[in-house]
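Here are the chains, one letter per residue:
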Amino acid sequence: VAAALPPEFGYVANLSVLDVAYLYALPYTLYAPELDLLAVHAGVLPGRPLHAQAVGDLLSVRTATLADPRRDVSAKAYVRDPPLGS
């Protein structure tokens with residue numbers, strides 16, 4: 001038995017099996033080294049390498065603070081591994 005979706009997620013009922021398969025196949029992260037850019041859905045936890053980030057955090061973290069604002073938070077500081085989910 002499927003759970004009832006909140007109204008704002010009603011569009012999910014119209015997704016095809018192929019749509020869902022496509023979404024599941026997308027990586028959790030995208031890295032563009034030439035731009036020093038790491039893109040995730042929500043955020044990363046500062047000071048934790050990418051391979052140690054929880055997928056749930058990449059999808060849901062909205063606010064995190066750094067103990068030291070002078071710390072290196074460039075994308076290079078996080079990326080040593082291939083993108084998660086790839």
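Colleague: Could you give me a rundown of the overall build of the chain, with the residues and numbers involved?
Modeller: Across its full length, the chain holds two helices and two strands. What you see in the chain, going N to C, is helices and strands ordered as α-β-β-α. Burial statistics for the chain: of 86 residues in total, 15% are counted as buried. Summed over all atoms, the accessible surface of the chain reaches about 6500 Å², with 61% contributed by carbon and sulfur.

Colleague: So what's going on with a nonpolar patch on the surface? Which residues, and what values?
Modeller: Nonpolar side chains collect at one region of the surface, where Leu 5, Phe 9, Tyr 11, Val 12, Leu 15, Val 20, Tyr 22, Leu 23, Tyr 24 and Leu 26 lie side by side and expose about 990 Å² of accessible area between them. If you trace the backbone, Leu 26 turns up in the loop between α1 (17–25) and β1 (29–32). Using a relative accessible area of 35% as the deciding quantity, one classes Leu 26 as partly exposed.

Colleague: Help me get a handle on the confidence of the model for the chain, residues and values and all.
Modeller: Mean pLDDT for the chain: 75, with 67% of residues reaching 70 or above. Mean pLDDT across the secondary structure elements of the chain bottoms out at helix α2 (residues 55–60), with 82, and peaks at α1, with 93. Note that residues 68–72 has pLDDT below 50 and, in this model, four contacts with residues that lie over four places away or in other chains.

Colleague: A description of the side chain of Gln 53 should follow, citing residues and the corresponding values.
Modeller: Relative to the assigned elements, Gln 53 resides in the loop between β2 (37–40) and α2. Separated by 2.7 Å, the side chain of Gln 53 and the backbone oxygen of Arg 48 make a polar contact.

Colleague: Can you lay out the pairing of β1 for me, pointing to particular residues and giving the numbers?
Modeller: Relative to β2, β1 runs antiparallel, the two sharing four bridges. Each residue of the ladder has a partner; that of Ala 32, found in β2, is Leu 37. Here β1 hands over to β2 after four residues, with Asp 36 in that stretch at a positive phi of 50°.

Reading guide: rules and limits
Residues numbered from 1 in each chain as written. Predicted model: local features only at pLDDT ≥ 70, side-chain atom pairs only at ≥ 80, totals over all residues. Heavy atoms only, no water. Helix = DSSP H or I, 4+ residues; strand = E, 2+ residues; numbered from the N terminus. Buried < 20%, exposed > 50% of the residue type's maximum accessible area, 1.4 Å probe, protein only. Areas by Shrake-Rupley, 256 points an atom, 1.4 Å probe, with all protein chains shown as cover. Patch = residues over 30% accessible without salt bridge, like charges linked within 9 Å, V, L, I, M, F, W, Y side chains within 5 Å. Salt bridge = Lys/Arg side-chain N within 4 Å of Asp/Glu carboxyl O. pLDDT = per-residue confidence, 0-100. Contact = heavy atoms within 4.5 Å. Polar contact = N/O pair within 3.5 Å; in protein donor to acceptor, adjacent residues only side chain to side chain. Pairing = 2+ DSSP bridges.

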